[in-house]
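What the coordinates show
Chain by chain, the residues:
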Amino acid sequence: MAIGLRSLLDFKILEYSSVWVPVLLIASICITIIVFCDLEYRSGKPNMFLSIFGLILLSFSYAYGTYVSLNCVFDSSKPEIHVASILKKRMTSGKTTTYYLELTPWGKQTEPDEVSVSKALYNSFQENDDVNIYLMKGKFEIPWFEITDKNTMLK
């Protein structure tokens, strides 16, 4: 579960359409291997439903986290640099606090879009400030991006 959560928090995927088929395939392979190799699952006990549901949840989280992390960490593409302005800042709080910036359209985006950012990045901006958006292709052709201020360049 941790790798799935980390990839959700660390990487901003631009388009998820090419994520789901490989993730479902990886999760299915994991589930199949575990179910057919573990005698407990093959015994057909009536209380296996909850166990199999947990297995599906963990396998999907593992597959998503691994695939997305590999796509972003091993991406060696040259980033496209886009500039957008901050239309609005907002934060939500509850058990955790999440910080959002609403950005003007950039790249292939045709509508303003809201993205979550770290607290430090959120506090370093004001409305109407410009931000740099680094759009990368991804190792598995899953586009992802990072946001920085105008004075910070990615390596």
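All values reported here derive from a predicted model rather than from experimental measurement.

**Observations concerning the overall build of the protein**
- Across its full length, the protein holds 5 helices and 6 strands.
- N-terminal to C-terminal, the α/β element order of the protein is α-β-α-α-α-β-β-β-α-β-β.
- Scaling as 2.2 N^0.38, a compact globule of 155 residues should have a C-alpha radius of gyration of about 15 Å, whereas the protein reaches 19 Å, well beyond that.
- The proportion of buried residues among the 155 residues of the protein is 33%.
- For the protein, contacts bridging at least 24 residues in sequence account for 59% of all contacts bridging at least 6.
- In the structure as shown, the protein presents an accessible area of about 10000 Å², 61% of it carried by carbon and sulfur atoms.
- Seen as two clouds, the 15 positive and the 16 negative side-chain charges of the protein have centres 5 Å apart.

**Observations concerning the packing of aromatic side chains**
- Overall, the coordinates contain 7 aromatic pairs when judged by the stated rule.
- Arranged with centres 4.8 Å apart and planes meeting at 5°, the rings of Tyr 67 and Phe 140 form a pair that is stacked. Highlighted residues: Tyr 67 in helix H4 (residues 48-73) and Phe 140 in the loop between strand S5 (130-136) and strand S6 (144-149), separated in sequence by 73 residues.
- Accessibility expressed as a relative area gives 13% for Tyr 67, which makes it buried.
- Ring centres of Tyr 99 and Tyr 122 lie 4.9 Å apart, and the angle between their planes is 45°; on these two criteria the pair is classed as tilted. Within this pair, whereas Tyr 99 is found in strand S3 (residues 97-103), its partner Tyr 122 is found in helix H5 (residues 119-123), the two being separated by 23 residues in sequence.
- Under the relative-accessibility criterion, Tyr 99 is labelled buried at 12%.
- Look at Tyr 122 and you get buried, because its relative accessible area is 11%.
- Each residue in the set Tyr 16, Trp 20, Phe 60 and Tyr 64 is aromatic and connected to the rest through ring pairs, giving one cluster.

**Some points on the nonpolar core**
- Formed by 16 residues in total, the largest nonpolar core has its most connected members in Leu 103, Val 117, Val 131, Ile 133 and Ile 147.
- Core analysis: the second largest hydrophobic core is formed by 14 residues, Val 19, Ala 63, Tyr 64 and Tyr 134 among them.

**Section: the pairing of S3**
- Here strand S2 (residues 80-93) runs beside S3; their pairing, made up of 7 bridges, is antiparallel. What sits directly across from Ser 93, in S3, is Thr 97.
- Hairpin geometry of S2 and S3 is characterised by an intervening segment of 3 residues between the two adjacent antiparallel strands.

**Thoughts on the sheet that holds S2**
- Strand order in the open sheet formed by 6 strands is S1-S6-S5-S2-S3-S4, with antiparallel pairing between adjacent strands. Taken across any chain shown, the strands that pair with only one partner, and hence form the sheet edges, are strand S1 (12-13) and strand S4 (113-117).

Criteria and thresholds
Residues numbered from 1 in each chain as written. Predicted model: local features only at pLDDT ≥ 70, side-chain atom pairs only at ≥ 80, totals over all residues. Heavy atoms only, no water. Helix = DSSP H or I, 4+ residues; strand = E, 2+ residues; numbered from the N terminus. Rg over C-alpha atoms; globule rule 2.2 N^0.38 Å. Buried < 20%, exposed > 50% of the residue type's maximum accessible area, 1.4 Å probe, protein only. Contact = heavy atoms within 4.5 Å. Areas by Shrake-Rupley, 256 points an atom, 1.4 Å probe, with all protein chains shown as cover. Lys, Arg positive; Asp, Glu negative; His and termini not counted. Charge placed at Lys NZ, Arg CZ, Asp CG, Glu CD. Phe/Tyr/Trp six-rings, centres within 6.5 Å; stacked < 30°, edge-to-face > 60°. Core = buried A, V, L, I, M, F, W, Y, C linked by side-chain atoms within 4.5 Å. Pairing = 2+ DSSP bridges.

Such coordinate-based values are descriptive only and should not be taken to indicate function.
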